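What the coordinates show
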Amino acid sequence: AAGVIQSPRHLIKEKRETATLKCYPIPRHDTVYWYQQGPGQDPQFLISFYEKMQSDKGSIPDRFSAQQFSDYHSELNMSSLELGDSALYFCASSLGLVNTGELFFGEGSRLTVL
Amino acid sequence: TQLLEQSPQFLSIQEGENLTVYCNSSSVFSSLQWYRQEPGEGPVLLVTVVTGGEVKKLKRLTFQFGDARKDSSLHITAAQTGDTGLYLCAGKLAGSARQLTFGSGTQLTVLP
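Residues numbered from 1 in each chain as written. Chains lettered and ligands numbered in written order. Predicted model: local features only at pLDDT ≥ 70, side-chain atom pairs only at ≥ 80, totals over all residues. Heavy atoms only, no water.

From N to C terminus, chain A includes zero helices and eleven strands. If one aligns the C-alpha atoms of chain A with their principal axes, the spans along those axes are about 35 × 25 × 25 Å. Within chain A, the fraction of its 114 residues that count as buried is 47%. Sequence-distant contacts in chain A: of pairs separated by 6 or more residues, those separated by 24 or more amount to 54%. With the model as given, the accessible surface of chain A reaches about 5,500 Å², and the carbon-plus-sulfur share is 50%. Where the 10 positive side-chain charges of chain A centre and where its 13 negative ones centre are 5 Å apart. (Helix = DSSP H or I, 4+ residues; strand = E, 2+ residues; numbered from the N terminus. Buried < 20%, exposed > 50% of the residue type's maximum accessible area, 1.4 Å probe, protein only. Contact = heavy atoms within 4.5 Å. Areas by Shrake-Rupley, 256 points an atom, 1.4 Å probe, with all protein chains shown as cover. Lys, Arg positive; Asp, Glu negative; His and termini not counted. Charge placed at Lys NZ, Arg CZ, Asp CG, Glu CD.)

Structure follows, in structure tokens:
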């Protein structure tokens, strides 16, 4: 079965550069979530989209923005990168805003800021 | 402050032993999930519990949701080396539209 696809899997950037991460949800899933996981830390919720509209916002820095497109894929744009942005960025998808919180995660994009 | 506290944070046991991981909070959750994460990979959902006192079994894994829906436990019987990984509990607060909150994680290592 098709899973959540994230690209790129690995990304290396310099400080103050910009980066864009892409997420392709499971087919027919209309909700995507972005999480950031620092080394040795649990995933922290950044932002989510349902039917192309922002549904919830977590600890996403103002330097970051995201959107969901008509085909339900989502992109996380990160500008003025800082060393502390180095982390694993996970995208998850679900069918609708599930009340039980069951999410299907991608394999993540590892961002390294030098 | 961590909304969901997991204990222990690290656990190293021999193959064949039993173990229990705990996930505790002072808040009430409408549901709790347990995920397992391999290094460099995304979390994989193991189970969802929604009813206070609920017990679910998945082969050698037993999950329990506390009566008050504030805590959960994961018990593994006869651990195998393939059980090694980071176990994360996660929950959705009752009456809240907030998204899934993850626990601090338990890193389990099963030695041969």
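Once you've had a look at it, read on.
What follows concerns the overall build of chain B. Looking only at helices and strands, chain B features zero helices and eleven strands. When the helices and strands of chain B are listed from N to C terminus, the series reads β-β-β-β-β-β-β-β-β-β-β. Computed over the C-alpha atoms, the radius of gyration of chain B is 13 Å, within 12% of the 13 Å expected from 2.2 N^0.38 for a compact globule of 112 residues. If you line up chain B on its principal axes, its C-alpha atoms span 45 × 30 × 20 Å. At a minimum sequence separation of 6, the contacts of chain B that also span at least 24 residues come to 56%. In the form shown here, chain B has an accessible surface area of approximately 5,100 Å², with 51% of it arising from carbon and sulfur atoms. Positive and negative side-chain charges of chain B, numbering 9 and 9 respectively, have mean locations separated by a distance of 9 Å. (Rg over C-alpha atoms; globule rule 2.2 N^0.38 Å.)

Here we take up the sheet that holds strand E8 (residues 74-78) of chain A. All names here are of chain A. Read from one edge to the other, the open sheet built from four strands follows the order E1-E3-E8-E7, with strand pairing classed as antiparallel. One side of each edge strand has no neighbouring strand; the edge strands of this open sheet are strand E1 (5-7) and strand E7 (64-68). The average angle at which neighbouring strand axes cross in this sheet is 15 degrees, direction not considered. Relative to E8, E7 is paired through five bridges, and the arrangement is antiparallel. Among the inter-strand pairings, Gln68 is bridged to a residue of E8, identified as Ser74. (Pairing = 2+ DSSP bridges. Axes fitted to C-alpha atoms, helices over the stretch in contact; angles between N-to-C directions.)

Residues and elements named next belong to chain B. On the secondary structure map, Ser72 appears in strand E8 (residues 71-76). A relative accessible area of 2% places Ser72 in the buried class. Within the structure, the side chain of Ser72 is placed 2.7 Å from the backbone oxygen of Gln64, a separation counted as a polar contact. With sequence-adjacent residues up to four places away left out, Ser72 is seen in contact with Val21, Tyr22, Cys23, Leu32, Trp34, Gln64 and Phe65. (Polar contact = N/O pair within 3.5 Å; in protein donor to acceptor, adjacent residues only side chain to side chain.)

Interpretation in functional terms is not warranted from these geometric data alone.
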